Amino acid sequence: CVACRGEGGTAPAPEAAETPPTEVAALRWVPVSAPQDASLLEAPAVVRAAAGASGEVSSSYRARVERVHTQVGSRVERGDPIVDVLAPEVFEAAAAYVGSKRRLELHAERAEELERLRAEGLVEKSRVFEQRMLAAELQARRDEARAVLRAAGVNPQTADALARGGALTLRAP
């Protein structure tokens, strides 16, 4: 604001910015070019199998291509691996799913212990409720993680391997 003020300390009157409609037509379009390096590869992709046939292999999550299993012109059958990707949201869900199992067991044990102490009159009912509430919140987080894994096509039973650094393999439809 200081740089815009005139000598008298007041801002100069803004000039009328008129853009005639004819100038819009004068905009230039930039030609599209293919990416030159692997860092620009991303899903979704089209895989051409035969003349006129195609299939789509895509990820509904942000992903970075780690390894490509096919080449242009390769014959691909249903279920064949196409590309391995690293998908942070899916890995996070796998870790949450695996890690929540043991924490849920501990919260359940603690809730049972508090329930026994409450029966003896040594603990207030609110302590038991708090422990059960923590377990319920943890179960909800586990269910959310399971939903993310299923949406990504990952069997929750394999979440442990995925959480330990595996890649998510996208397969031919």
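### So, the sheet that holds strand S4 (residues 81–86)
- Strand order across the open sheet formed by three strands is S3-S4-S5, with antiparallel pairing between neighbours. Each edge of the open sheet is held by one strand with a lone partner, namely strand S3 (64–68) and strand S5 (168–171). Ignoring strand direction, the axes of neighbouring strands in this sheet form an average angle of 35°.

### Concerning the nonpolar core
- Among the nonpolar cores identified, the biggest contains 19 residues, and Val90, Leu149, Val154, Leu162 and Leu168 are the most heavily contacted of them.
- When residues in this core are grouped by element, the largest group, five residues, is from helix H1 (residues 88–119).
- Every residue in contact with Val90, bar those within four places of it in the chain, is listed here: Tyr61, Val148, Leu149, Ala152, Val154, Leu162 and Leu168.

### Some words on H1
- For H1, spanning 32 residues, the distance from its first C-alpha to its last is 46 Å, which sits close to the expected 46 Å at 1.5 Å a residue.
- If you look at H1, its biggest bend is around 30°, right at Ser100.
- Burial in H1 covers these residues: Val90, Ala93, Ala94, Ala96, Tyr97, Ser100, Leu104, Ala111 and Leu114.
- The secondary structure elements touched by the buried residues of H1 are helix H2 (125–151), helix H3 (159–163) and S5.
- A positive backbone phi angle near 80° is found at Gly121, which sits one or two residues after H1.

### Some words on the packing of aromatic side chains
- All told, the structure shown has zero aromatic pairs when counted by the stated rule.
- Geometry around Tyr97 places Arg142 over its ring, the cationic atom sitting 4.0 Å from the centre.

Reading the values: the criteria
- Numbers given for residues are sequential positions, taken from 1 along each chain in its written order.
- Only residues with pLDDT of 70 or above have their local features reported here, since the model is predicted, and side-chain atom pairs are shown and tallied only from 80 upward, although totals for entire chains, interfaces and linings are computed over all residues.
- Only hydrogens and water are set aside when side-chain values are computed; all heavy atoms of the structure are taken into account.
- Pairing between two strands requires that DSSP report at least two bridges joining them.
- Segments assigned H or I by DSSP are reported as helices when at least four residues long, segments assigned E as strands when at least two residues long, and all are numbered from the N terminus.
- Fitted lines through C-alpha atoms give the axes, limited to the stretch in contact for helices. The angle between two N-to-C directions lies from 0 to 180 degrees.
- Side-chain atoms within 4.5 Å link the members of a nonpolar core, which is a set of buried Ala, Val, Leu, Ile, Met, Phe, Trp, Tyr and Cys residues.
- Each residue is placed in one exposure class: buried if its accessible area under a 1.4 Å probe, protein chains only, is under 20% of its type's maximum, exposed if it is over 50%, and partly exposed if it falls in between.
- Note on contacts: a residue pair qualifies if any of its non-hydrogen atoms lie within 4.5 Å across the two residues.
- Helix span is expected to be 1.5 Å times the residue number reduced by one.
- We define the bend at each residue as the angle formed by axes fitted to the 7 residues ending at it and the 7 residues starting at it.
- Aromatic rings from Phe, Tyr and Trp, with only the six-membered ring used for Trp, were paired whenever their centres fell within 6.5 Å, and each pair was classed as stacked if the ring planes differed by under 30 degrees, edge-to-face if by over 60, and tilted otherwise.
- Two limits define a charge over a ring: the Lys NZ or Arg CZ must be within 6 Å of the ring centre, and within 35 degrees of the ring normal.

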